[in-house]
Amino acid sequence: MAAPKHWRTALERVEKFLSETYFTDCNLRGRLFGDRCPPASLSYFQTPRRIPYDEAVRQEFKLAQVGDSFGPTWETCWFKVELSIPPAWAGREVHFVWESDGEGMVWRDAQPVQGLTKEGEKTSYILTSSMKETEPHRWVVWGAWHCLKPRGWDHTSLSVSWSSEKLFRDSACSSGPTTGRRMDFPICLPVICCLMVCCWSPQPHTAELVVFNRDVYELLVDLEILLDMAQLLGEENQRSSQALCAANQMVNVCDVTDPSTFPAARALAAAIFSQRNGESQHSIHAMGHCHIDSAWLWPYEETIRKCARSWVTVVRLMERNPELTFACSQAQQFEWVRSWYPGLYEQIQDFVAKGQFIPVGGTWVEMDGNLPSGESMVRQFLQGQRFFQQQFGRVCSEFWLPDTFGYSAQLPQLMQGCGIRRFLTQKLSWNLVNSFPHHTFFWEGIDGSRVLTHFPPGDSYGMHGRVEEMLKTVKNNKDKGRVNHSAFLFGFGDGGGGPTQKMLDRMKRMSDTDGLPRVQISTPDQLFSALEKESSQLYTWVGELFLELHNGTYTSQAQIKKGNRECERILHDVEVLSALAMAQDCGFQYPASQLQRLWRLLLLNQFHDVLPGSCIQLVVEDALEYYAEIRRVGAGLQQEAVQSLCRELLEPEAGNAGSTLVLNTLPWERTEVISRAGAAGTETLVLVTVPSMGYAVVREPLLSPQPVVVRKREDGSIAMENGVIAACLDVMGRLTSLQLLDSQRESVPDGCCANQFALFDDVPLYWDAWDVMDYYLETRKPVTTLLKPLEITLAGGLRGSVSFSLQIGKSSTLTQEIILDATCPYLRFLTQVEWKEAHKFLKVEFPVQVRSTNATYEIQFGHLQRPTHWNTSWDWARFEVWAHKWLDLSEHGFGVTLLNDCKYGASAHGNILSLSLLRAPKSPDATADMGHHQFTYAVMPHLGSFQDAGVIQHAYSLNCPLHTVPTRSAPSPPWSAFSVSSPAVVLETVKQAEDRPGAIVVRLYEAHGSTVIAWLQTSLPVEEAILCDLLERPVGAERLQLEQQGLRLSFTPFRVLSLLLILRQ
Ligand SMILES: [Zn+2]
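- The name recorded for the protein chain in an unreviewed UniProt entry is alpha-mannosidase, from Melopsittacus undulatus.
- Looking at the Catalytic activity (unreviewed entry) heading of the UniProt record, one finds this comment for the protein chain: "Hydrolysis of terminal, non-reducing alpha-D-mannose residues in alpha-D-mannosides."
- Regarding the protein chain, the relevant UniProt record gives this comment under Sequence similarities (unreviewed entry): "Belongs to the glycosyl hydrolase 38 family."

## Here's the deal with the coordination of the zinc ion
In a perfect tetrahedron of four donors around a metal, the angles come out at 109.5 degrees. In a perfect octahedron of six, they are 90 or 180 degrees.
Step number 1: The protein atoms that coordinate the zinc ion are His291 (NE2), Asp293 (OD), Asp403 (OD) and His608 (NE2), at distances spanning 1.9 to 2.1 Å.
Step number 2: Metal-centred angles of 89 to 155° between the four donor atoms at the zinc ion mark the site as irregular.
Step number 3: For the zinc ion, the donor residues sit on a single chain with the sequence spacing H-x1-D-x109-D-x204-H. Here Asp293, found in the loop between β13 (283–289) and α7 (300–320), pairs with His608, found in the loop between α16 (592–605) and α17 (617–645); they are 315 residues apart in sequence, far enough to count as distant.

## Quick word on helix α15 (residues 558–584)
Step number 1: Helix length check: α15, at 27 residues, gives a terminal C-alpha distance of 39 Å against a target of 39 Å (1.5 Å per residue), a fit within 8%.
Step number 2: Taken across its 27 residues, α15 has 23 buried, putting it largely inside the fold.

## Some thoughts on the sheet that holds strand β23 (residues 659–664)
Step number 1: Read from one edge of the open sheet, four strands run β47-β23-β26-β48, paired in antiparallel fashion. A strand with exactly one partner marks an edge of an open sheet, and here the two such strands are β47 (963–967) and β48 (975–976).
Step number 2: Two elements, strand β26 (residues 694–698) and β48, share two bridges in a ladder whose sense is antiparallel. Along β48, the bridge assignment pairs Tyr695 with Trp975.
Step number 3: Strands β23, β26, β47 and β48 of the sheet are contacted by α17, whose axis makes an angle of about 115° with β23.

## As for the confidence of the model for the protein chain
Step number 1: Looking at the protein chain as a whole, its pLDDT mean stands at 91, while 93% of the residues score no less than 70.
Step number 2: Here residues 147–202 is modelled with pLDDT under 50, and outside its nearest four sequence neighbours on either side it reaches 283 contacts, counting other chains as well.

## Some thoughts on the side chain of Arg309
Step number 1: Tracing the chain through its elements places Arg309 in helix α7.
Step number 2: Within the structure, the side chain of Arg309 is placed 2.9 Å from the side chain of Glu103, a separation counted as a polar contact.
Step number 3: At 2.9 Å, the side chain of Arg309 and the side chain of Glu302 are in polar contact.

## Brief notes about the pairing of strand β56 (residues 1046–1051)
Consecutive residues of a regular strand have side chains that alternate between opposite faces of the sheet.
Step number 1: For strand β52 (residues 1012–1018) and β56, the ladder comprises five bridges, and the chain directions are antiparallel. Across the sheet, residue Ile1013 finds its bridge partner in β56, namely Ser1050.
Step number 2: In this antiparallel pair of consecutive strands, strand β55 (residues 1042–1043) and β56, the connection spans two residues.

## Observations concerning the environment of Leu794
Step number 1: Turning to its location among the elements, Leu794 is positioned in strand β34 (residues 785–797).
Step number 2: Taking relative accessible area as the criterion, Leu794 reaches 33% and is therefore assigned partly exposed.
Step number 3: Note: C-alpha distance between Leu794 and Asp25 (769 residues apart in sequence) is 87 Å.
Step number 4: Apart from residues no more than four positions distant in its own chain, Leu794 is found in contact with Val710, Arg799, Gly800 and Ser801.

## Some points on the side chain of His963
Step number 1: In this structure, His963 sits in strand β47.
Step number 2: By relative accessible area, which is 13% here, His963 ends up buried.
Step number 3: Of note is the side chain of His963, whose polar atom sits 3.1 Å from the side chain of Gln638.
Step number 4: Filtering out sequence-adjacent residues up to four positions away, His963 remains in contact with Arg569, Asp573, Gln638, Leu661, Val662, Leu663 and Thr665.

## Some details on the packing of aromatic side chains
Step number 1: The tally for this structure, following the rule as stated, stands at 42 aromatic pairs.
Step number 2: Where Tyr300 meets Tyr626, the ring centres are 5.5 Å apart and the plane angle is 10°; that geometry is what we call stacked. Linking Tyr300 in helix α7 with Tyr626 in helix α17, this pair joins segments that are 326 residues apart in sequence.
Step number 3: Every member of this aromatic cluster is reached through a ring pair, and the members are Trp311, Phe326, Phe334, Tyr345, Phe357, Trp364, Phe387, Phe388 and Phe392.
Step number 4: When the ring centre of Tyr217 is taken as origin, the NZ or CZ atom of Arg214, which lies over that ring, is 5.3 Å away.
Step number 5: In this arrangement the basic side chain of Lys354 is found over the ring face of Phe351, its NZ or CZ atom lying 4.5 Å from the centre.

## Regarding the environment of Ser976
Step number 1: By the element assignment, Ser976 lies in strand β48.
Step number 2: Of the residues examined, Ser976 reaches a relative accessible area of 25% and is grouped as partly exposed.
Step number 3: Taking the C-alpha atoms as reference points, Ser976 and Val990, 14 residues apart in sequence, are found 13 Å from one another.
Step number 4: Excluding its chain neighbours within four sequence positions, the residues that come into contact with Ser976 are Pro691, Ser692, Met693, Gly694 and Ser1019.
Step number 5: Separated by 2.7 Å, the side chain of Ser976 and the backbone oxygen of Ser692 make a polar contact.

## What to know about the nonpolar core
Step number 1: Counting 281 residues, the largest nonpolar core has Phe357, Leu735, Phe846 and Phe978 as its most contacted members.
Step number 2: Considering each element in turn, this core owes the most residues, 13 residues, to α15.
Step number 3: Not counting chain neighbours up to four residues away, the residues in contact with Phe357 comprise Trp311, Val314, Met318, Phe326, Cys328, Phe334, Ile348, Phe351 and Val352.
Step number 4: Core analysis: the second largest hydrophobic core is formed by 23 residues, Phe70, Ile85, Trp98 and Ala207 among them.

Conventions adopted
- Sequence order as written defines the numbering, with residues in each chain counted from 1.
- Reporting in this predicted model follows two pLDDT cut-offs: at least 70 for local features of residues, and 80 or more for side-chain atom pairs to be given and counted; totals over whole chains, interfaces and linings ignore these cut-offs and use all residues.
- Only hydrogens and water are removed before side-chain values are computed, so all heavy atoms of the structure are retained for them.
- UniProt positions are given in the numbering used here, feature names are shortened, and annotations may be inferred rather than shown by experiment.
- For Na, K and Ca the donor cut-off is 3.2 Å; for every other metal, N, O and S atoms count as donors within 2.8 Å. Water does not enter the count, which can leave sites looking incomplete.
- Labels for metal geometry use angle windows, namely 85 to 135 degrees for all angles of a four-donor tetrahedral site, and for square planar (four donors) or octahedral (six donors) sites opposite donors over 155 degrees apart plus all others within 65 to 115; sites meeting none of these are irregular.
- Helix and strand definitions here come from DSSP, where helices need a minimum of 4 consecutive H or I residues and strands a minimum of 2 consecutive E residues; each element is numbered from the N-terminal end.
- Under the convention used throughout, the expected extent of a helix is 1.5 Å for every residue step, that is, one less than its residue count.
- Three exposure classes are used, based on accessible area relative to the maximum for each residue type with a 1.4 Å probe and protein chains only: buried under 20%, partly exposed in between, and exposed over 50%.
- Whether two strands pair depends on DSSP finding at least two bridges between them.
- Whether two residues are in contact is decided by their heavy atoms, any of which lying within 4.5 Å being enough.
- For helices, the fitted axis covers only the stretch in contact; all axes are lines through C-alpha atoms, and the angles between them, taken along N-to-C directions, range from 0 to 180 degrees.
- pLDDT expresses how confident the predictor is about each individual residue, on a scale running from 0 to 100.
- Contacts described as polar in this section are N or O atom pairs within 3.5 Å, which, within protein, must combine one atom able to donate a hydrogen with one able to accept it, while residues neighboring in sequence count only if both atoms come from side chains.
- Geometry of aromatic contacts follows a simple scheme: Phe, Tyr and Trp rings, the Trp one being its six-membered ring, pair when their centres are within 6.5 Å, and the pair is stacked under 30 degrees between planes, edge-to-face over 60, tilted otherwise.
- A ring is scored as having a charge over it whenever the NZ atom of a lysine or the CZ atom of an arginine sits within 6 Å of its centre and within 35 degrees of its normal.
- The nonpolar core is taken to be a set of buried Ala, Val, Leu, Ile, Met, Phe, Trp, Tyr and Cys residues, with the residues joined through side-chain atoms within 4.5 Å.

The following block contains the structure:
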């Protein structure tokens, strides 16, 4: 073998031999395809709807030509292509090549058979791998395509899907032109392509029949790998030179016009690939993958087709490559394909049974990892795992969330409770400031639960099986000395159709080649099992996995956030009331299937580009429609449950005066001011006390121990107090003082104003709806343009209120009503905004007289602390964070809490608590957040700790108003279904058990961060109580003792407990 004299010229010589641009007249690449011939005919039918194949093939098709444009955006174009294979191609591999901007699908016998997309390197449909004389030579191809906005949505992508059907085959055959070029026994393969056209009309660039030279292809793959090895291992590396030497010699022996010279060239490559590694080499576990966003730059409906196009391509690839594995998440997507593409679904089921198509993740969708409530996260797993169990006979053993914008510190416990001890993601590689220190580690949640966590060290979930990625996977791995296995997810996502044959062919050559890591096609289970064996040296990361990017997603698309919070509350209330109704009246039908439907809509909207607000307007419209449906149907279900639960109380009795039935779905007694309907549509305020998870009939309202007093001062400022707190507000509605009356403790520092609105410039570097950058903080402008000065709107008594209006920016306005109720320890701010800004961020700030280096934020089933200083890069990178219903800043003995009813973005810097209210990003939805908004937040000063002050309970109460129903019933004692003896324990959920009608599941959690014994008391006819996991499977055989005081439950900090309560029939 002649060694090349010059490293660089030899390298470039090989490059030119493979080039798609240079010397294609005489190089190897130019020989990949042989003869070509155009389609016999091409015709199309265009529609704005996403119609099924059966309907499409009945339409009238018009003539089209390669190069024609179709549009506008979101239209679907179906194509019928007639193909005729020249007889001279006998014995050859024949492809139909379709290139255009977008995605599509080929169908055969009314079943989808192959997805096509140029972006995903899938432009060939293999008509035959060796054309036989007796084989049909005429084909009719149908296709439909539409324009999508893919990642980097400034260009068009086209998707093609094809179908063939007997009916069509016959008619197409008889009507097709016949010429001497065609064989005598023509056969038609109808293929239907659907095309959706984006901002500009995509054109089919190529539609032709070609002879595919597989021997040339194999040689190209060999040479590409050798060239990559030569280039990427570097000139000084022995293997680089060996690879280059082999490649150079291959070019020498290879006569591109004479395929008989190819085997000798291939033997040279094989000699290099078969030189094996030593025992220490790193092991890469490659798994096919195709990340499909359930909605993002396309609506939900299009995702259904994306799944079908991608998965059918995977199935075809599996037929040719029995070793191929494919990890596939999101039960919702399986469910879509099950109902829309049953034929394809059956094939998928077969490959699941074979262990190749591997359901992973265990959740309904790949949800946002920060904003869904604790119960929502449980339901993601409950709906997901139950689906996988029912459909495929097993639950998933790993949580799979590669693309979500941060991960709550509660997730490890929730995974464990759902049968999952392993977790895979990679998103933290997107951190803007700090590089996460591990790729394989134990992740420990707020309760101490630990899960084995792996980030594929290549920092991607869409690899292509290239040498470069293999080397990066090894080099980048931060736990090199501790573990020697890592994951490698390959395939094009989001419509790219997943893995390709070429990726597999590359990795086959690299399976064990000296100088490169070992590569094996593997499964998540094999990977994690290998990691578990090596886990003794692994580090543990405690607390949240915070993504230092995309922090605007806690605030963007405020209506979606509000819909999420409100619908979580609605489903909570419907479940509580329906479960109580069922327990009290065995004739009541618990609305299990309706609730499952509504939950699934809510869970779908929690997808990681919908709830975060990083989607297009079409998706926002769908999401808001789903929320509207949950509100509408939920209201009906709630009414039915209340009617059943309180039937006797709602039956009017003659002679009884009007009274009000008040229902409380929260697990503690509440004394609150409510508004009740009086005669002739009037509303009157009353103070009521309602027992824990129960109801009371209110006839005579309670007398307020101390009325609310509202006084205007000469300077226009207003003082409000209710015997608990006293507030002073200036004419712009800013708090100049907020005192706890008992202790005279002041919350607002001298010279400061709380409830101060501030507007910031909000121009991120790239991801508009996603990102808020640190430099926005330098552009703070306090809102100080008064439209309507503060005035008294309710003079006091049970409720006092004041209101004012401000101008924000150039054209937005804000009106606020500040409300103080009798006995209430917090001041409420009911806010209306007409929002018309561009790239602005509205926040409200509360400087407080508290000194602490940490603030506390509510998360799922608990809370955590984050620093209030910017000491280190890890601290300041959290300049914008998320919280659920409250955040608190406390020093010993005193603190101030901000509560909210639908906001998630927050921060605490120094002594300033801020709530993020509205953003105005323009991409990917130019109309994002424009228009009317209504939201409520509240400020609550407190003595002692926030735990002792009942902050957690008050935040629930703010979010879950008491329900009132007018009645004329006879007097009746209050009734409580459940109560808990310890204020540290929250009874969050009461629902019917999934598999046992007549049984109730209750879920409680320890909310203070303490070890505590709590008694759960119930007035329901409970016969038996069993501890269960989050999937409602009994844990252990032990029954809980039902004692006089109730059920004795033992909690450690933030522990979530579920119980199955079997009711007496
Ligand atoms: Zn995604």
